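For reference, the chains in residue letters:
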Amino acid sequence: MSNCSSDDEFEKLEPTLQNVLDQKSLHWIFVGGKGGVGKTTTSCSLAVQLSKVRESVLLISTDPAHNLSDAFGQKFSKEATLVDGFTNLYAMEIDPTSSIQEMLAQSEQHAMGSMMQDLAFAIPGVDEAMGFAEVMKQVKTMEYSVIIFDTAPTGHTLRFLSFPSVLEKALEKISQLSGRFGPMFQQMSGMMGLNANQEDMFGKLEGMRAIITEVNNQFKDPDKTTFICVCIPEFLSLFETERMIQELTAYHIDTHNIVVNQLLFPQKGSNCEHCIVRNKMQRKYLDQIYDLYEDFHIVLMPLLTKEIRKTEDIKEFSKMLIEPYVPPDHLSMDDGQ
């Protein structure tokens, strides 16, 4: 999981995402965490930094909330669009579940084909799996050096890794139905002058399963893929992060970076009781993070006094992913009270 050697086993790894910029073989980067932890700001900031060292960068949001448009102050769609002020950074916003609906709406479906489709789609997750396959089919044709996914916070971030088996079940179901009712469907279709195309449905599912299987194999290659966890120093966020890292480990997905957002650094001598209490609480959770993830790069990002909106703010914020933030004349996370 980690690139930590025995020599620096007890030393904290560099507290930046410079390691991600240096790993030129990376093609897929996922950024994930609970809603409200600064996940989109982090993915946009990372994309900005990557655009300095990579030939071309694509940032994809799979979150239906479409936060990329809000972050950059520019309207994005399901087509890759150049981000204003850049020559090699592109962004697109997609909703995988709507992709499949559009795909089906475009295809001519008659009564029998629709029946087969409904039976196949009775298997949980098939529509989502097919939507993801459509997205990946589109992305695979694009020539980008690196692709960053700003993942949706809802549900299980890694659900896409189960999609091949989901589509396998759908294929098996259609195969069974074709064997049992195929002749009857064909006969009825012939009488009604229709062409029952369960074979087309079978072929479509098989093609999508192959795409997802190929992409998932790449996701499990640490040379090509890494997952960056984003959290804030609070119990629920840490709990979610631990669950996510366990899931990543179970699926053999590389992860060795955690970005901790919204850290409070009160001024020394401050009499703001709220600030001091929050700082003390945050230090407690940060200590837990260091204990749990000693072989991770832990990146500390401050709580700012303003919202991060538009490209210039993101550019400024992104520097702190690469150069550790040092608060001037403030209590650090290592200072005691």
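What you see is a predicted model, and the numbers here were worked out from it, not measured in a lab. (Residues numbered from 1 in each chain as written. Predicted model: local features only at pLDDT ≥ 70, side-chain atom pairs only at ≥ 80, totals over all residues. Heavy atoms only, no water.)

1. A closer look at the UniProt feature "binding site: ATP" (unreviewed entry) in the protein
In step 1: This chain's UniProt record puts "binding site: ATP" (unreviewed entry) on K34, G35, G36, V37, G38, K39, T40, T41, E234 and N261. As for the annotated residues, the ones lining the largest pocket are K34, G35, G36, V37, G38, K39, T40, T41 and N261.
In step 2: Inspection of the secondary structure assignment puts K34 in the loop between β1 (28–32) and α2 (39–53).
In step 3: Overall, K34 belongs to the partly exposed group, its relative accessible area being 32%.
In step 4: Tracing the sequence through the fold places N261 in strand β7 (residues 257–263). (UniProt positions renumbered as here; feature names shortened; annotations may be inferred. 1 Å grid on protein atoms, 1.4 Å probe; cavity = no way out; pocket = protein on both sides within 12 Å on 5 of 7 lines; lining within 4 Å. Helix = DSSP H or I, 4+ residues; strand = E, 2+ residues; numbered from the N terminus. Buried < 20%, exposed > 50% of the residue type's maximum accessible area, 1.4 Å probe, protein only.)

2. Considering the pairing of β1
In step 1: A large share of β1 lies buried, amounting to five of its five residues.
In step 2: Relative to strand β5 (residues 146–150), β1 runs parallel, the two being bridged by four bridges. By the bridge assignment for β5, W28 is matched with I147.
In step 3: Both β1 and strand β6 (residues 225–231) contribute to a ladder of five bridges, which runs parallel. Bridge pairing in β6 links F30 to F227. (Pairing = 2+ DSSP bridges.)

3. Overview of the pairing of strand β8 (residues 297–302)
In step 1: Most of β8 sits out of view: five of its six residues are buried.
In step 2: Bridge analysis of β7 against β8 gives five bridges, and the strand direction is parallel. Bridge pairing in β8 places L263 opposite P302.
In step 3: Once the chain exits β7 it traverses helix α10 (residues 273–292) before rejoining the sheet at β8, and the crossover so formed is right-handed. (Right-handed = clockwise from strand over helix to strand, strands pointing away.)

4. Comments concerning the nonpolar core
In step 1: Counting 53 residues, the largest nonpolar core has F219 and I258 as the members making the most contacts within it.
In step 2: Looking at this core, the element that brings in the most residues is helix α6 (residues 126–140), giving eight residues.
In step 3: The residues touching I258, leaving out its near neighbours within four places in the chain, are C229, C231, T241, I245, Y293, F296, H297, I298 and V299.
In step 4: V31, V37, V259 and M320 belong to the second-largest nonpolar core, a separate cluster that totals 35 residues. (Core = buried A, V, L, I, M, F, W, Y, C linked by side-chain atoms within 4.5 Å. Contact = heavy atoms within 4.5 Å.)

5. Topic: the sheet that holds β7
In step 1: Here we have eight strands laid out as an open sheet, ordered β3-β4-β2-β5-β1-β6-β7-β8, and mixed in their pairing. Where the open sheet ends on each side, the last strands, each with one partner, are β3 (81–82) and β8.
In step 2: With two bridges joining them, β3 and strand β4 (residues 89–93) adopt antiparallel strand pairing. Across the sheet, the residue bridging to L82 is Y90, located in β4.
In step 3: The strands that helix α9 (residues 235–250) touches are β1, β6 and β7; relative to β6, the one it contacts most, it runs at about 165°.
In step 4: Most of the contacts of helix α11 (residues 310–322) go to β8, to which it runs at about 145°, and overall it touches β7 and β8. (Axes fitted to C-alpha atoms, helices over the stretch in contact; angles between N-to-C directions.)

6. Looking at α9
In step 1: Here α9 contains 16 residues, and its C-alpha end-to-end distance of 23 Å stays within 8% of the 22 Å for a straight helix at 1.5 Å per residue.
In step 2: When we look at burial in α9, the residues that qualify are S237, L238, E240, T241, M244, I245 and L248. Down the axis of α9, the buried set is contained in an arc of 160°. They therefore lie on one face. Opposite its buried face, α9 presents the exposed residues F235, L236 and A250, each directed more than 90 degrees away.
In step 3: On its buried face, α9 sits against β1, β6, β7 and α10.
In step 4: The first or second residue beyond α9 is H252, which carries a positive phi of 60°. (Expected span 1.5 Å × (residues − 1). Arc of directions from axis to C-beta.)

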